[in-house]
Structures are given as C-alpha cells and as structure tokens.
Amino acid sequence: MGSSASKAALRATTDEPSEPGPKHLADLIQYINGTNRSVEHLADILSEKTRSSSWVVVFKALITVHHLMVHGNERFIQHLASRNSLFTLYNFLDKSVTEGYTMSTFIRRYSRYLNEKSLAYRLIAYDITKTKRGTDGVMRTMNTKELLNTLAVIQTQFDALLYFNANPDEITNGIIHAAFMLLFKDFLRLFAAYNEGILNLLGKYFDMRKNQCKESLGIYIRFLERMTKLAQFLKVAEQVGIDQNDIPYLNQDGQGNPS
C-alpha cells in the first residue's frame, strides 16, 4: 500500500471533532480504484482505528469504511465480506466526554449496520445497492427461489439501517451527520431494490408452490410492518436538510417511488 494512501487513512480518522476530510476520502477512493491495488492493508488501518477509545476516531473510521463501500471499487467490500469478523463494537462506550455517551450509542448501531452490509455481500455475492434497477433490472427479473433468499437478506440489512434511529436533535455534529448522509444514500438504493423485489414477488405469487406462498406472505407482511419506521427515517432526513426532491414518496400500501 502506498504511503500516501496510508497517510490519507490516518488523516481521515484524526481526533478532530469534524467529519473526515473530502480530500482524504477522495485520495482513498483514487487509491482503491487503481488497478490491482491491495485493499487489505487499508482495511487493517481503518479496523485498527475502530479500536480507539475515542468516539471521534472510531466514528470517523466507520464513516471512512462506509464511504469506501459506497463510492469505491467493489474489491473493498468484497475484501471486508471475506473477513471472519468486521467490527466488534457492541460494548463500545466513550465516557471521557459528555457527548461520548450519546455518540457511542450510534457507533454501536452504525457498526452493526456495516457488519450487516458486509454480511449481505457475502451471502448474495454482490452489493444489492449497486445493481441495475427497473423492469429489466436484477430484482424484477429474479427467479422465485433466488428472490425469496435475496429479499430475506435485504430485510435484515434494512432493519439494521433503520435501527440507527437518530432523531434530528441527536444529529448535532458533522460526524454523525456524515454517517446519516451515507445511510440515506444506502437507504434510497436499498429501498429501491426492496420495493422492486416485492413487486416481483407479488407478480409471481399465484404461480408459487404452497411453501413458497407462505414464505412470500411472511416477507410481504414484514415489508408492510417496516413502513412506519421507514416513514420516520424519511421525516428525519427532511428535518436535517435533505432536499425534499431527493426523498421518495410512499403511498399507504408501502409502494414507493424511490429516487
């Protein structure tokens, strides 16, 4: 790994209470998008940063990982998915500063989501948020067996995303705001895949075997049950300044028009 990329990773995860610098993130994206560049050492550096006792450093390391998952070469998330364990922050708590208590809660939730995003890649061998959409897209053309398996994976990842559950008055600094923005980007793409998968499911329902019908019904009920939390997430997005034109409209049946 180049020294410039190592420096960018370290500079993106300093203890300064501000989001990772755009220049440092851009440098890391450029590095992992380079031909045959090893991502293992970069992942090791960021993983090591999550072992800090400072909520600022840990949160910024998680944001940097998420940014690279969303915007970087697929080899990065592929490598993360190949690891036996990713983030073990279930008990993380920074008691050194008052803000640390609140932010530690969101670090635990955020790391859980990133673990689920990585696990989803391992289970279905691609990033569902980056697949082709539309009537001829991946979720609309998937066969029944694969569709049932994939929707179950999407629901688990979606639950972890909604579990972040931050209120507008808790998004009080640039760090948690940066995390929320990345979650919102994943939300749009994940919900689009989820929504299209449900449409495909409904279209296939009367041609399914009995056991598949039962499984499909359970998936559809769980989809509807998530709509309240989904609407709450979108309300928060609007209140923290995300353009209303970027927020999908949902009707009462849970079907939406994702951006």
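Coordinates for the structure precede this section.
Below or above, wherever it landed, is the structure these notes cover. Just so it is clear, the model here is predicted, and its values are computed rather than measured.

Here's the deal with the overall build of the protein
So, step 1. In terms of regular secondary structure, the protein is built from eleven helices and two strands.
So, step 2. Here the protein has a C-alpha radius of gyration of 19 Å; the compact-globule value for 259 residues is 18 Å, and the two agree.
So, step 3. Reported as C-alpha extents along the three principal axes, the dimensions of the protein are approximately 55 × 45 × 35 Å.
So, step 4. Burial status across the protein gives 52% buried among its 259 residues.
So, step 5. Across the protein, the fraction of contacts at a sequence separation of at least 24, relative to all contacts at a separation of at least 6, is 76%.

Re the pattern of salt bridges
So, step 1. Counted under the stated rule, the structure contains seven salt bridges.
So, step 2. A salt bridge links Lys-132 to Asp-136, with the shortest nitrogen-to-oxygen separation between them at 2.9 Å.
So, step 3. Owing to a relative accessible area of 46%, Asp-136 belongs among the partly exposed residues under this scheme.
So, step 4. The network of salt bridges with shared partners includes Lys-117, Asp-127 and Asp-186.

Considering the packing of aromatic side chains
So, step 1. In this structure the tally under the stated criterion is 14 aromatic pairs.
So, step 2. Geometrically, the ring pair formed by Phe-106 and Phe-164 is tilted, given 5.2 Å between the ring centres and 45° between the ring planes. A residue pair is termed long-range when its members are at least 10 positions apart, and Phe-106 in helix 6 (residues 98–124) and Phe-164 in the loop between helix 8 (144–162) and helix 9 (174–204) qualify at 58 residues. For the pair formed by Phe-106 and Phe-164, the shared burial category is buried.
So, step 3. Ring pairs connect the aromatic residues Phe-158, Phe-180, Phe-184, Phe-187, Phe-191, Tyr-194, Tyr-220, Phe-223 and Phe-233, which therefore count as one cluster.

Looking at unusual backbone geometry
So, step 1. Despite not being glycine, Ala-125 shows a phi value in the positive range, around 70°.
So, step 2. Among the secondary structure elements, Ala-125 is positioned in the loop between helix 6 and helix 7 (138–141).

Focus: helix 3 (residues 40–49)
So, step 1. Buried residues of helix 3: Leu-42, Ala-43, Ile-45, Leu-46 and Ser-47, and no others.
So, step 2. Of the surrounding elements, those touching the buried residues of helix 3 are helix 1 (3–12), helix 2 (22–32), helix 4 (55–71) and helix 5 (74–82).

A closer look at empty space enclosed by the protein
So, step 1. By the definition in use, this model includes two cavities of 30 Å³ or more.
So, step 2. Here the largest cavity is characterised by a volume of approximately 50 Å³.
So, step 3. What lines the largest cavity is simply Ala-43, Leu-46, Ser-47, Val-65, Leu-80, Arg-83, Leu-86 and Phe-87.
So, step 4. Within the lining of the largest cavity, the residues separate by chemical class into six nonpolar, one polar and one charged.
So, step 5. Empty space within the second largest cavity amounts to approximately 30 Å³.
So, step 6. Around the second largest cavity, the lining residues are Ile-77, Lys-117, Ala-120, Tyr-121, Tyr-126, Asp-127, Ile-128 and Gln-157.
So, step 7. Sorting elements by how many residues they give to the lining of the second largest cavity places helix 6 first, with three residues.
So, step 8. Each residue belonging to the lining of the second largest cavity can be placed in one class, and the counts come to five nonpolar, one polar and two charged.

Parameters and conventions
- Each chain has its residues counted from 1, running along the sequence as written.
- This being a predicted model, a pLDDT of at least 70 is required before a residue's local features are given, and a value of 80 or more before pairs of side-chain atoms are given or counted; all residues contribute to the totals for chains, interfaces and linings.
- Just so you know, side-chain values use all the structure's heavy atoms and leave hydrogens and water out.
- Only DSSP runs of H or I with at least four residues qualify as helices, and only runs of E with at least two residues qualify as strands; both kinds are numbered from the N terminus onward.
- Both definitions apply: the radius of gyration is a C-alpha atom measure, and the globule rule equals 2.2 Å times residues to the power 0.38.
- Residue burial is assigned from relative accessible area. The probe radius is 1.4 Å, only protein chains are included, and a residue is buried under 20% of its type maximum, exposed over 50%, and partly exposed in between.
- What makes two residues a contact is simply this: any of their non-hydrogen atoms within 4.5 Å.
- Criterion for a salt bridge: a side-chain nitrogen of Lys or Arg within 4 Å of a carboxyl oxygen of Asp or Glu.
- The aromatic pairing rule takes the rings of Phe, Tyr and Trp, using the six-membered ring of Trp, and pairs them if the centres are within 6.5 Å, calling planes under 30 degrees apart stacked, those over 60 edge-to-face and the rest tilted.
- Points on a 1 Å grid over protein atoms alone make up a cavity when a 1.4 Å probe fits among them but cannot get out, and a pocket when they form an open set with protein on both sides within 12 Å along at least five of seven lines; lining residues each have an atom within 4 Å of a point.
- Grid points are joined across faces, edges and corners, and a volume is the space filled by probe spheres set on the points.
- Asp, Glu, Lys and Arg are counted as charged, while Ala, Val, Leu, Ile, Met, Phe, Trp, Tyr, Cys and Pro are counted as nonpolar; the rest, among them Gly, fall into the polar class.

Read these as layout, nothing more, since geometry by itself doesn't imply function.
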